[in-house]
Amino acid sequence: MSMGWRIGKGQSVSIWNDFWLPSLPSKLLSSTLVPNIHRVADLILQSPRCWNEPLIRSSFDANEANRILQISLSMFPHEDVLVWFGEGSSIYSVRSGYKLLLNPTTSSINGDIFNCLWCIAGPSMIKILVWRFINNFVHTFHNLAIKRVSSDPRCPRCSNGLEDIPHVSRDCFFPLQVWNNLRISWPSGMNYETILGWLLWLFQNYDNIKHILVVTTIWTL
Ligand SMILES: [Zn+2]
């Protein structure tokens, strides 16, 4: 994964489910989940604004605690910002995306999906786009609203839900119709909060021809 959060207020970022420690190889924390702390904001003290070091030291292993405490907090709290961890500038480039896609260390985090994706016969441009979808590096209205670029996170097609990656690529009426016409379906009731699990299921249950169809369809949606 190469998309992560730069911590501002810490309210938008889940300690356990989001990527917010760029210095950690796997990015997700491996310390045992502590039930009463959920958001990164729960680890930050106000006036003066600083990390709650005793809480962090008692909640995480020494390595992760040190890495959290190394993150500098801005004096004036701002919104949390999704940034690109692949380049020093935090700005996504096709070059860095391509490099990470080919990097077995970074790709091994979700090795199955990236192996499937990379083995599909098709233009790299399409595969990198799908990889950006998997990493939530797409300017959906939901992401733009998080960055305060847009005030309305809803889907402009249906106005019936957040326009996030799962909605754009799968859950809105339009992609649902497209998938239906292509005769590509998946079991209902599975936990598909992100498209990672959904795509993995499609890759594992359809043949190579359908793999090409899946990634090309996501590219066109
Ligand atoms: Zn919609």
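Every chain begins its residue count from 1, and numbering advances along the sequence as written. Residue-level local features of this predicted model are given only where pLDDT is at least 70; pairs of side-chain atoms are given and counted only at 80 or more, and the full residue set underlies all totals for whole chains, interfaces and linings.

For the protein chain, the name recorded in an unreviewed UniProt entry is Reverse transcriptase zinc-binding domain-containing protein, with Hibiscus trionum as its organism.

A. Spatial organisation of the overall build of the protein chain. The helix and strand labels rest on DSSP assignments: H or I over at least four residues marks a helix, E over at least two residues marks a strand, and numbering proceeds from the N terminus. Each helix and strand in the protein chain was counted, giving 11 helices and 4 strands. To sort residues by exposure, count the other C-beta atoms lying within 10 Å of each residue's C-beta; 20 or more gives buried, 12 or fewer gives exposed, and values between give partly exposed, all with C-beta atoms placed from the backbone. Residues counted as buried form 27% of the 221 residues belonging to the protein chain. In this description, a residue-residue contact is defined by the distance between C-beta atoms placed from the backbone, which must lie within 7 Å. Within the protein chain, counting contacts between residues at least 6 apart in sequence, those at least 24 apart form 57% of the total.

B. Region of interest: the packing of helix 6 (residues 124-134) against helix 11 (residues 208-220). Lines fitted to C-alpha atoms define the axes, with helix axes restricted to the stretch in contact, and inter-axis angles between N-to-C directions lie between 0 and 180 degrees. Contact geometry for helix 6 and helix 11: axes closest at 9 Å, N-to-C directions at 75 degrees. Classified by the angle their axes make, helix 6 and helix 11 are roughly perpendicular. For the pair helix 6 and helix 11, the contacting residues are Ile126, Lys127, Leu129, Val130 and Phe133 in the first and Val215, Thr216, Ile218 and Trp219 in the second. When residues are sorted by character, Ala, Val, Leu, Ile, Met, Phe, Trp, Tyr, Cys and Pro go into the nonpolar class, Asp, Glu, Lys and Arg into the charged class, and all the rest, Gly among them, into the polar class. Partitioning the contact of helix 6 with helix 11 into residue classes produces 7 nonpolar, 1 polar and 1 charged. By definition in this entry, angles of less than 35 degrees are roughly parallel, angles greater than 145 are roughly antiparallel, angles of 65 to 115 are roughly perpendicular, and the rest are oblique.

C. Representation of helix 6. Turning to helix 6, its buried residues are Lys127, Val130, Trp131, Phe133 and Ile134. Projection of helix 6 onto a plane perpendicular to its axis shows the buried side chains occupying an angular sector of 155 degrees, all on one side. Once helix 6 finishes, asparagine 136 follows within two positions and takes phi at roughly 60 degrees, a positive value. As used here, the arc belongs to the directions running from the helix axis to the C-beta atoms.

D. Quick peek at the nonpolar core. Think of a nonpolar core as buried Ala, Val, Leu, Ile, Met, Phe, Trp, Tyr and Cys residues chained together by C-beta atoms that fall within 7 Å. One finds Val130, Phe133, Ile134, Ile195, Leu199, Leu202 and Ile218 to be the most contacted residues of the largest nonpolar core, which totals 16 residues. Core analysis: the second largest hydrophobic core is formed by 14 residues, Trp5, Ile44, Trp51 and Ile68 among them.

E. Molecular detail of the environment of phenylalanine 76. Examined against the element boundaries, phenylalanine 76 turns out to sit in the loop between helix 2 (62-70) and strand 4 (81-84). A tally of 7 C-beta atoms within 10 Å means that phenylalanine 76 is categorised as exposed.

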